[in-house]
Amino acid sequence: MQFNLDENQIAFQDAARSFAEKELAPYASDWDANKIFPREAIQKAGEQGFCGVYTREDVGGLGFSRLDAAIIFEELAAACPSTTAYITIHNMVTWMIDEFGSETIRQTICPPLAAGMKFGSYCLTEPDSGSDAASLKTTAVKQGDTYVLNGTKAFISGAGESDFLVVMARTGEAGPKGISAFVVPADTPGISFGEKEKKLGWNTQPTRFVFFDQVVIPAENLLGKEGDGFKMALKGLDGGRINVGICSVGAAQGALNLAQRYMHERMQFGKSLAQFQALQFKIADMVTELVAARQMVYLAAFKLDTKDANATTYCAMAKRLATDNSFTVCNDALQLLGGYGCTQDFPVERLMRDARVHQIVEGTNEIMKLVISRRILEEGATTEIR
């Protein structure tokens, strides 16, 4: 096993860190406080290739591995987890269209998405189907050479700002086998959006309901085959869980960096905070938990890249561990800053709020435990998870 980054990985890690320090960090707190969607900054990220990291090169992507993508997203998230999380969702949408769309769809839609000229949203969750995603009710009825969509999606990141929606809709029987996936231009007649949700975190990206009322789309906008939508959704979520895990790691690293500097600067009882053993031990625990989270995400990304039979299980474990550990690190960093940590003058409270969201999105951590335990306890399981 190779634990050190190679020269190429170090190069694009440095590039991502430099971009984050220049284009995200100085503005992230203002974006958060004023609920600003930083369209221009995301477009600049697209110019760097960060909007199509693991999309194929022939449609404008970088063609990187999921592990390479994780290295990039961590650096961006250390500055602004909320904006980075949207960028990762956009990457997932771009990849799904690239992976499952017809050649015409790929060549038409993916290049502007990969370049950051157009934005994408992923539409799976509904008001009555969150963790039980296979019970979704949005329908797509085929009529000649078109499909007609009706239904409602909930908690959609980027809704109202994005240009394309990947929509999971029911084309057949109840359950997962009756679900298909479609790419839908967001300005198609019959699509409307709810009000922006007022949220704990993720304030730099809008979260809205999306309503479909007799929305007519060409049949060629079907991704893959009818009935394959839920399988596609789960494949997308495997990568999404790596992404949200590494965004959490980035947030925790950013919070740890701030706490480390503060402990050397803050004087109490004639000593810097860094000289108090109790706080030294706190930092030791924080960095240990952070490194464990990072390595778990890297392992899951490697398993996904190598198409390991248990990749889904590794992705669930990584998401659970990384989001829980990283929220704790952010929360502990806030504690180390004391009263200052609770103010918006320091980014720690923002990093903590954004990290808290990650324990819920892309499948709650309780659902991650269900995914893991089902795999371990299934009948006839012979392959060890190690």
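Refer to the preceding data block for the structure.
The model shown is predicted, which means the values in this text are computed figures rather than measured ones. (Residues numbered from 1 in each chain as written. Predicted model: local features only at pLDDT ≥ 70, side-chain atom pairs only at ≥ 80, totals over all residues. Heavy atoms only, no water.)

**Student:** For this particular structure, what's the right way to read the overall build of the chain?
**Tutor:** Across its full length, the chain holds 11 helices and 10 strands. Taking the principal axes of its C-alpha atoms as reference, the chain extends roughly 80 × 50 × 40 Å. Among the 386 residues that make up the chain, the fraction classed as buried is 54%. Sequence separation of 24 or more characterises 72% of the internal contacts of the chain that already satisfy a separation of 6 or more. Entry remark: accessible area of the chain is about 17100 Å², with carbon and sulfur atoms responsible for 52%. Side chains of the chain give 38 positive and 47 negative charges; the mean places of these two sets differ by 4 Å. (Helix = DSSP H or I, 4+ residues; strand = E, 2+ residues; numbered from the N terminus. Buried < 20%, exposed > 50% of the residue type's maximum accessible area, 1.4 Å probe, protein only. Contact = heavy atoms within 4.5 Å. Areas by Shrake-Rupley, 256 points an atom, 1.4 Å probe, with all protein chains shown as cover. Lys, Arg positive; Asp, Glu negative; His and termini not counted. Charge placed at Lys NZ, Arg CZ, Asp CG, Glu CD.)

**Student:** When you look at the environment of Ala114 in this model, what are you seeing that I'm missing?
**Tutor:** Secondary-structure assignment places Ala114 in helix 6 (residues 103–114). Each C-alpha atom of the pair Ala114 and Gly60 lies 5.7 Å from the other, and the pair is 54 residues apart in sequence. Once residues within four sequence positions are removed from consideration, Ala114 is found in contact with Gly46, Cys51, Gly52, Val59, Gly60, Gly61 and Thr94.

**Student:** What am I meant to see in empty space enclosed by the protein here?
**Tutor:** Using a probe with the size of a water molecule, rolled over the atoms, empty space left in the structure can be pinpointed. Evaluation of the coordinates by the stated rule reveals one cavity of 30 Å³ or more. Taken as a whole, the largest cavity encloses approximately 50 Å³ of empty space. Lining the largest cavity are Ala85, Thr88, Ile89, Trp202, Gly240, Asn243, Val244, Cys247, Val361 and Glu362. Of all the elements, helix 7 (residues 229–265) adds the most residues to the lining of the largest cavity, at four residues. (1 Å grid on protein atoms, 1.4 Å probe; cavity = no way out; pocket = protein on both sides within 12 Å on 5 of 7 lines; lining within 4 Å. Points joined across faces, edges and corners; volume = space filled by probe spheres on them.)

**Student:** Looking at this model, I keep getting lost on the nonpolar core. Mind explaining?
**Tutor:** Nonpolar side chains tend toward joint burial in soluble globular proteins. With 99 residues, the main nonpolar core has Leu24, Phe73, Leu76, Met96, Ile97, Tyr122 and Met168 as its most contacted residues. If you tally residues by element for this core, the top one is helix 7, at 17 residues. With near-sequence residues (within four places) excluded, Phe73 lies in contact with Phe50, Val53, Tyr54, Thr84, Ile87, Thr88, Asn91, Asn243 and Ile246. Counting 18 residues, the second-largest nonpolar core is a separate cluster that includes Val167, Val184, Val210 and Phe212. (Core = buried A, V, L, I, M, F, W, Y, C linked by side-chain atoms within 4.5 Å.)

**Student:** Explain the layout of surface pockets here, please?
**Tutor:** One number sums up the size of the largest pocket: a volume of about 1200 Å³. Among the secondary structure elements, those contributing two or more residues to the lining of the largest pocket are strand 3 (146–157), helix 7, helix 9 (311–337), helix 10 (348–357) and helix 11 (365–377). No other element matches helix 7, which puts six residues into the lining of the largest pocket. Looking at the lining of the largest pocket residue by residue, the class counts come to 20 nonpolar, 10 polar and 12 charged. (Nonpolar A, V, L, I, M, F, W, Y, C, P; charged D, E, K, R; others polar.)

**Student:** I'm lost on a positive patch on the surface in this one. Help?
**Tutor:** There is a patch of like positive charges on the surface, built from Lys177, Lys225, Lys231, Lys235 and Lys307. Inspection of the secondary structure puts Lys231 in helix 7. (Patch = residues over 30% accessible without salt bridge, like charges linked within 9 Å, V, L, I, M, F, W, Y side chains within 5 Å. Salt bridge = Lys/Arg side-chain N within 4 Å of Asp/Glu carboxyl O.)

**Student:** Hey, could you run me through helix 4 (residues 66–77) in this one?
**Tutor:** Helical periodicity: at 3.6 residues per turn, an α-helix aligns residues three or four positions apart in one direction. Spanning 12 residues, helix 4 covers 16 Å between terminal C-alpha atoms, matching the ideal 16 Å at 1.5 Å per step. When helix 4 is considered as a whole, its buried residues turn out to be Arg66, Asp68, Ala69, Ala70, Ile71, Ile72, Phe73, Glu74, Glu75, Leu76 and Ala77. Where helix 4 is buried, its residues touch helix 1 (7–24), helix 5 (81–100), helix 7, helix 8 (277–305) and helix 10. (Expected span 1.5 Å × (residues − 1).)

**Student:** Sorry if this is basic, but what is going on with the packing of helix 4 against helix 5 here?
**Tutor:** Across the interface, helix 4 lies against helix 5 with an axial gap of 8 Å and an inter-helix angle of 155 degrees. One way to sum up the angle between helix 4 and helix 5 is to call them roughly antiparallel. For the pair helix 4 and helix 5, contact is made by Arg66, Phe73, Leu76 and Ala77 and by Pro81, Thr84, Ile87, Thr88, Asn91 and Trp95, respectively. Split into classes, the residues belonging to the contact of helix 4 with helix 5 amount to six nonpolar, three polar and one charged. (Axes fitted to C-alpha atoms, helices over the stretch in contact; angles between N-to-C directions. Parallel < 35°, antiparallel > 145°, perpendicular 65-115°, else oblique.)

**Student:** In this structure, what is going on with the pattern of salt bridges? I would like to understand it.
**Tutor:** A side chain of one charge can pair with a side chain of the opposite charge when the charged atoms of the two come close. Following the criterion strictly, the structure yields 16 salt bridges and no others. Across the salt bridge formed by Arg56 and Asp98, the nearest N and O atoms sit 3.2 Å from each other. Of this pair, Arg56 sits in the loop between helix 3 (39–47) and helix 4 while Asp98 sits in helix 5; the two residues are 42 residues apart in sequence, bridging distant segments of the chain. Here Asp98 falls in the buried class, since its relative accessible area comes to 1%. The salt bridge involving Arg294 is made with Glu74; its shortest N-O contact spans 2.7 Å. Of this pair, Arg294 sits in helix 8 while Glu74 sits in helix 4, and the two are 220 residues apart along the sequence. The exposure class of Glu74 is buried, given its relative accessible area of 5%. Connected through salt bridges with shared partners, the residues Arg56, Asp58, Asp98, Glu103 and Arg106 form a single ionic network.

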